[in-house]
Amino acid sequence: MPELRQNLATKEWVIIATERAKRPDNFIDLDTPPTVEREPQHDPHCPFCPGNEEPAREIERWPDDGPWQIRVVRNKYPALTQNGDPVRTFDGVHRCITGVGHHEVVVDHPQHNLTWALMAPEDIEQVLTTYHRRGWSILENPKMEQIIFFKNRGPHSGASLKHPLSQLIALPVVPNYIRHRIEEARRYSDDHGQCIYCVMAQDELNRGERIICANDHFAAFVLYAALSPFHLWIMPREHSVSFLYSQPDQLKALAQILHDVLRRLYYGLNDPSFNLIIHSAPLKEISNNYLHWYVSVIPRVSRSAGFELGSGMFINPALPEASAEFLRDVKMPDVP
Ligand SMILES: [Zn+2]
Ligand SMILES: [Zn+2]
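Residues numbered from 1 in each chain as written. Chains lettered and ligands numbered in written order. Predicted model: local features only at pLDDT ≥ 70, side-chain atom pairs only at ≥ 80, totals over all residues. Heavy atoms only, no water.

Engineer: With reference to specific residues and values, describe the overall build of the protein chain.
Structural biologist: For the protein chain, the count of helices and strands is 7 helices and 15 strands. Here the protein chain has a C-alpha radius of gyration of 20 Å; the compact-globule value for 336 residues is 20 Å, and the two agree. In terms of overall dimensions, the protein chain has a C-alpha envelope of 60 × 55 × 40 Å along the principal axes. Each of the 336 residues in the protein chain was classed as buried or not, and the buried ones make up 50%. Pairs at least 24 residues apart make up 69% of the contacts formed inside the protein chain by residues separated by at least 6 positions. Put simply, the protein chain shows about 16100 Å² of open surface, and 52% of that area lies on carbon and sulfur atoms. A gap of 4 Å separates the mean positions of the 34 positive and 42 negative side-chain charges of the protein chain. (Helix = DSSP H or I, 4+ residues; strand = E, 2+ residues; numbered from the N terminus. Rg over C-alpha atoms; globule rule 2.2 N^0.38 Å. Buried < 20%, exposed > 50% of the residue type's maximum accessible area, 1.4 Å probe, protein only. Contact = heavy atoms within 4.5 Å. Areas by Shrake-Rupley, 256 points an atom, 1.4 Å probe, with all protein chains shown as cover. Lys, Arg positive; Asp, Glu negative; His and termini not counted. Charge placed at Lys NZ, Arg CZ, Asp CG, Glu CD.)

This is the structure in structure tokens:
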């Protein structure tokens, strides 16, 4: 019998298509070899490879001296620009705000064909520390309301470039999607006196069937109401509203669990495309205690279509419990 499942935190429904569920190994990408095998270590035509830097667009680099390991640059084709103030207009029918914001690219590593699964945990930790530093810097801009940190990786993720990159976009509004989540979290807290995200994480740790891995600070699990195969969350085990409140030991633990999870995807599903997003509280609401930040990873191993667009509801052709078991059991080479 197929099941409709609901994510209690987001209120999103999904159809788990048990009747036509595919085995987890049906989602292994057998058509394309991993990026590290397809691409050179250095591409002379890549705008993010060493030697092709555009100093005018650079915001920061790490380390300050010698060859860089990480750079942050202004996006060449930004979705929003930093010039001017957000100006609102509304004529009764049309609401508009001038597109003021930040759109930055984080060059995660100098090597062109790497991906986080093949980087050292210490390298990922430095990227996360860079996000954290940029986040606190943008927080000083009172015009900004929300920062989204994200990664598009691979041809099915929307990524147009192959170099290992992340992006951040800071917005002059709080997206409705995030407002909705705050309202749901507030409602649950009013009704039950608890954070729904804390309840979900503890329940997953108690049950274990959808847990992929965990450490002292984080738990990674395939969602009970996963919207697509292997759709997973990495959640802080202690309640915290914003990624910006993370301490150095938490960033280290996050790097370790991301490394572990992304290696499982890489070796289990043959370097699948994925999107990775940090979901965190609006900048002016990091002192309210309702939300609970987390990282979502969405491997792009199946396609959505008309039904999803028409209903906002997904059909997941994989059982979340089977997806989690598959990722727990992936055989991986030792970390060099
Ligand atoms: Zn490159
Ligand atoms: Zn919580």
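More follows now that the structure is in view.
Engineer: How would you summarise the coordination of the zinc ion (ligand 2) if you had to cite specific residues and measurements?
Structural biologist: Within the protein, the atoms that donate to the zinc ion (ligand 2) are C195 (SG), C198 (SG), H239 (ND1) and H292 (ND1), at distances of 2.0 to 2.4 Å. Because the angles between the 4 donor atoms bound to the zinc ion (ligand 2) fall within 105 to 113°, the donor set is best described as tetrahedral. For the zinc ion (ligand 2), the single-chain donor residues occur in sequence as C-x2-C-x40-H-x52-H. (Donors = N, O, S within 2.8 Å, 3.2 Å for Na, K, Ca; no water. Tetrahedral: all angles 85-135°; square planar, octahedral: opposite > 155°, others 65-115°.)

Engineer: Residue-level account of the side chain of N275, with values.
Structural biologist: One can find N275 in strand 13 (residues 274-279). Look at N275 and you get buried, because its relative accessible area is 8%. In terms of polar contacts, N275 uses its side chain to reach the side chain of R300, at 2.6 Å. (Polar contact = N/O pair within 3.5 Å; in protein donor to acceptor, adjacent residues only side chain to side chain.)

Engineer: Please provide a residue-by-residue account of the pairing of strand 1 (residues 3-6), values included.
Structural biologist: Sheet analysis places strand 1 next to strand 2 (residues 13-16), joined by 4 bridges and oriented antiparallel. Bridged to E3 within strand 2 is I16. With antiparallel pairing between neighbouring strands as the criterion, strand 1 and strand 2 make up a hairpin whose turn holds 6 residues, including K11 at a positive phi of roughly 65°. (Pairing = 2+ DSSP bridges.)

Engineer: So what's going on with the coordination of the zinc ion (ligand 1)? Which residues, and what values?
Structural biologist: Those protein atoms acting as donors to the zinc ion (ligand 1) are C46 (SG), C49 (SG), H112 (ND1) and H163 (ND1), and they sit at 2.0 to 2.3 Å. One can describe the donor arrangement at the zinc ion (ligand 1) as tetrahedral, given that its 4 donor atoms subtend angles of 102 to 117° at the metal.

Engineer: An account of the sheet that holds strand 11 (residues 218-222) is requested, with residue identities and associated values reported.
Structural biologist: Two modes of strand pairing occur in sheets, parallel and antiparallel, and in both the strands are linked by backbone hydrogen bonds. Spatially, the 10 strands line up as an open sheet ordered 3-4-7-9-8-13-14-12-11-10, and their pairing is antiparallel. Unpaired on one side and paired on the other, strand 3 (58-62) and strand 10 (211-214) mark the two borders of the sheet. On average, each strand axis in the sheet is inclined to that of its neighbour by 15°, with strand direction left out of account. Pairing analysis gives 6 bridges linking strand 7 (residues 102-107) to strand 9 (residues 165-171), with the strands arranged antiparallel. Looking at the pairing, V107 lines up with L165 of strand 9. Seen against the sheet, helix 5 (residues 248-269) touches strand 10, strand 11, strand 12 (232-236), strand 13 and strand 14 (294-299) and runs at an angle of roughly 25° to strand 11. (Axes fitted to C-alpha atoms, helices over the stretch in contact; angles between N-to-C directions.)

Engineer: Give me the lowdown on unusual backbone geometry, citing residues and values where you can.
Structural biologist: Residues W62 and P63 are joined by a peptide bond in cis, for which omega reads -10°. Mapped onto the elements, P63 comes out in the loop between strand 3 and strand 4 (70-74). The phi dihedral of K11 is positive, around 65°, even though this residue is not glycine. Residue position: K11 is located in the loop between strand 1 and strand 2. Accessibility expressed as a relative area gives 32% for K11, which makes it partly exposed.

Engineer: Could you give me a rundown of the packing of helix 5 against helix 7 (residues 320-328), with the residues and numbers involved?
Structural biologist: As a packed pair, helix 5 and helix 7 sit with axes 9 Å apart at the nearest point and diverge in direction by 95°. Taken as axis vectors, helix 5 and helix 7 run roughly perpendicular relative to one another. Two secondary-structure elements touch here, helix 5 through R264, L265, G268 and L269 and helix 7 through F326, L327 and R328. Among the residues forming the contact of helix 5 with helix 7, the class breakdown is 4 nonpolar, 1 polar and 2 charged. (Parallel < 35°, antiparallel > 145°, perpendicular 65-115°, else oblique. Nonpolar A, V, L, I, M, F, W, Y, C, P; charged D, E, K, R; others polar.)

Engineer: So what's going on with the sheet that holds strand 2? Residues and values would help.
Structural biologist: As summarised here, the arrangement of the 3 strands in space is 1-2-15, forming an open sheet in which the pairing is mixed. Each edge of the open sheet is held by one strand with a lone partner, namely strand 1 and strand 15 (314-316). If you compare each strand with its neighbour and ignore which way they point, the axes differ by 35° on average. As judged from the 3 bridges shared by strand 2 and strand 15, these two strands associate in the parallel manner. By the bridge assignment, I16 is partnered in strand 15 with N316.

Engineer: Got a sec to walk through the pairing of strand 13? Specific residues and values, please.
Structural biologist: Most of strand 13 is tucked away: 6 of the 6 residues are buried. Alternating residues of strand 13 divide into F274, L276 and I278 and N275, I277 and H279, and every residue in both groups is buried. By the bridge criterion, 5 bridges tie strand 8 (residues 146-153) to strand 13 in an arrangement that is antiparallel. Of the residues in strand 13, the one forming a bridge with N152 is N275. Looking at chain direction, strand 13 and strand 14 are connected through 6 bridges and run antiparallel. Counterpart to F274 in the pairing with strand 14 is P299.

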